[in-house]
Amino acid sequence: MSTETDKKHWADREERGSFWLMKFTALCAKVLGRRLLSPLLYGIVLYFFLFGRSARKSAWQYQQRLADWSGNSELRPTHWRVFGQFMAFADSMLDKLDVWNGKLRLEQIEIIDPALLRTQLRGARGQMLVGAHLGNLEVCRALAEIGEKVTMNVLVHTKHAEQFNRLLGEAGATNLRLIQVSELDPVIMLQLHERLERGEWLAIAGDRVPLHGGRSVTVDFLGHPAAFPQGPWLLAGLLKCKINLLLCLKKPTGDYRLTLEPFTEAVVWKRSDREQVIHQWASRYAERLGHYCLEAPQQWFNFYPFWKTDDDANA
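Residues numbered from 1 in each chain as written. Predicted model: local features only at pLDDT ≥ 70, side-chain atom pairs only at ≥ 80, totals over all residues. Heavy atoms only, no water.

If you look the chain up in an unreviewed UniProt entry, it shows as Glycosyl transferase from Pseudomonas nunensis. As stated in UniProt under Subcellular location (unreviewed entry), the record for the chain gives "Cell inner membrane". (UniProt positions renumbered as here; feature names shortened; annotations may be inferred.)

K.L.:
What exactly am I supposed to notice about the pairing of strand β8 (residues 243–250) here?
P.N.:
The side chains of a regular strand alternate, residue by residue, between the two faces of the sheet. Counting buried residues in β8 gives seven out of eight residues, a clear majority hidden from the surface. Note: strand β2 (residues 128–131) against β8, three bridges, orientation parallel. The residue of β8 that forms the bridge with methionine 128 is isoleucine 243. Relative to strand β9 (residues 256–264), β8 is paired through eight bridges, and the arrangement is antiparallel. Within β9, the residue paired with leucine 247 across the bridge is threonine 259. Connecting β8 to the antiparallel partner β9 that follows it, the hairpin turn spans five residues, and glycine 254 within it adopts a positive phi of roughly 100°. (Buried < 20%, exposed > 50% of the residue type's maximum accessible area, 1.4 Å probe, protein only. Helix = DSSP H or I, 4+ residues; strand = E, 2+ residues; numbered from the N terminus. Pairing = 2+ DSSP bridges.)

K.L.:
Explain helix α2 (residues 34–51) here, please?
P.N.:
The α-helix winds at 3.6 residues per turn, so residues separated by three or four positions along the chain end up facing the same way. Between its terminal C-alpha atoms α2 stretches 25 Å, which fits the 26 Å expected from 18 residues at 1.5 Å a residue. Those residues of α2 that fall on the buried side of the exposure criterion are Leu37, Ser38, Leu41, Val45 and Phe49. Down the axis of α2, the buried set is contained in an arc of 115°. They therefore lie on one face. Exposed residues on α2 whose side chains face more than 90 degrees from its buried face are Leu36, Pro39, Leu50 and Phe51. (Expected span 1.5 Å × (residues − 1). Arc of directions from axis to C-beta.)

K.L.:
Just checking my understanding: could you explain the packing of helix α7 (residues 186–197) against helix α8 (residues 231–239) for this structure?
P.N.:
To describe two helices that pack against each other, one gives the angle between their axes and the distance between the axes. For the pair α7 and α8, interaxial distance at closest approach is 11 Å and the crossing angle is 70°. When the axes of α7 and α8 are compared, the pair comes out roughly perpendicular. At the point where α7 passes α8, the crossing takes the right-handed sense. Residue-level inspection shows Met189, Leu192, His193 and Leu196 of α7 in contact with α8, the latter providing Leu235, Leu238 and Leu239. Here the contact of α7 with α8 is built from residues that sort into six nonpolar, one polar and no charged. (Axes fitted to C-alpha atoms, helices over the stretch in contact; angles between N-to-C directions. Parallel < 35°, antiparallel > 145°, perpendicular 65-115°, else oblique. Left-handed = near helix turned anticlockwise from the far one by under 90°. Contact = heavy atoms within 4.5 Å. Nonpolar A, V, L, I, M, F, W, Y, C, P; charged D, E, K, R; others polar.)

K.L.:
Which parts of the structure should I look at to understand the UniProt feature "transmembrane region" (unreviewed entry) in the chain?
P.N.:
The sites that carry the UniProt feature "transmembrane region" (unreviewed entry) are, in the present numbering, residues 36–55. For residues 36–55, helix accounts for 95% and strand for 0%, while the C-alpha atoms at its two ends are 26 Å apart.

K.L.:
Hey, could you run me through α7 in this one?
P.N.:
Compared with the 16 Å implied by 1.5 Å per residue over 12 residues, the 16 Å span of α7 between its first and last C-alpha is a close match. A positive phi of about 90° marks glycine 199, the residue just after α7.

K.L.:
Just checking my understanding: could you explain the nonpolar core for this structure?
P.N.:
For soluble globular proteins, nonpolar side chains are generally found buried alongside one another. Judged by nonpolar contacts, the single largest core of 49 residues is most densely connected at Leu134, Leu192, Phe221, Phe228, Trp233, Tyr285 and Leu289. When residues in this core are grouped by element, the largest group, nine residues, is from helix α9 (residues 274–295). Formed by 16 residues, the second largest nonpolar core is a distinct cluster that contains Leu104, Leu117, Tyr256 and Leu260. (Core = buried A, V, L, I, M, F, W, Y, C linked by side-chain atoms within 4.5 Å.)

K.L.:
Sorry, what's going on with the environment of glutamine 127 here?
P.N.:
Mapped onto the fold, glutamine 127 is located in the loop between β1 (109–112) and β2. According to the relative accessible area criterion, glutamine 127 is buried, its value standing at 4%. Taking the C-alpha atoms as reference, glutamine 127 lies 9.9 Å from arginine 195; in sequence the two are 68 residues apart. Polar side-chain contacts of glutamine 127 include one of 2.6 Å to the side chain of asparagine 244. (Polar contact = N/O pair within 3.5 Å; in protein donor to acceptor, adjacent residues only side chain to side chain.)

Laid out in structure tokens, this is it:
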């Protein structure tokens, strides 16, 4: 089976699982409440930890490479530390429900914004915010809902975007929209341009499923080559918009630390140097992502073979 087929199979399975898990979790939370739901979710996570060999190996590999890259031996993986990463994922699922159900208060979010980007985000034209599957992106989206009162368009690679939108609307997320951008066709590009002109935000994760036919660029991440999507940097160049990084990590206290970091005023390329320019920005993004992984080592939620190699598979 080809690599492309494997990627498609993983993506299809991921979106189906995410949609039904979201629907099931939302129903259970409504009926049982978070306190009674927690043991149920953790039981499910224990099952996947014991029988999800690929996900377990992938988490082990990530922790090993983070430890080697940082030189911090305390981050080296053990079965308990890998299980802790699975548990952190379960906890993030419950946090998402709190966000969707309006139970998150602004007082629970510490905003780190040294460049005062927050004051610029409400400008005449929107900007692009690039996040990651690190921490809890839903809390970042809540900033648009309960704080800034602007529309945030989350760009996703899923055929079920409208179904997700319906569930989000039922949960009260009025200023949040998911937009499928599997293909950067003229209709999608015009739609995104119009949303930026209206002052809306575009949010996209820079560390998973490549856009536009699977275009990716290989850069160094935690000391080893890894494929990252070209999508964010292609979009930024085509839409001529500013890019800021946006990440939200959970603190030991249970509150959140949301960081807004300036990234670039523009991604500009000529036809002759486009690949080089995209490689440059993807490399810088991967370096910053590694920095934030060190701040919350167990909040990295990419449970698949990110580096696609056979080594470091000791779990």
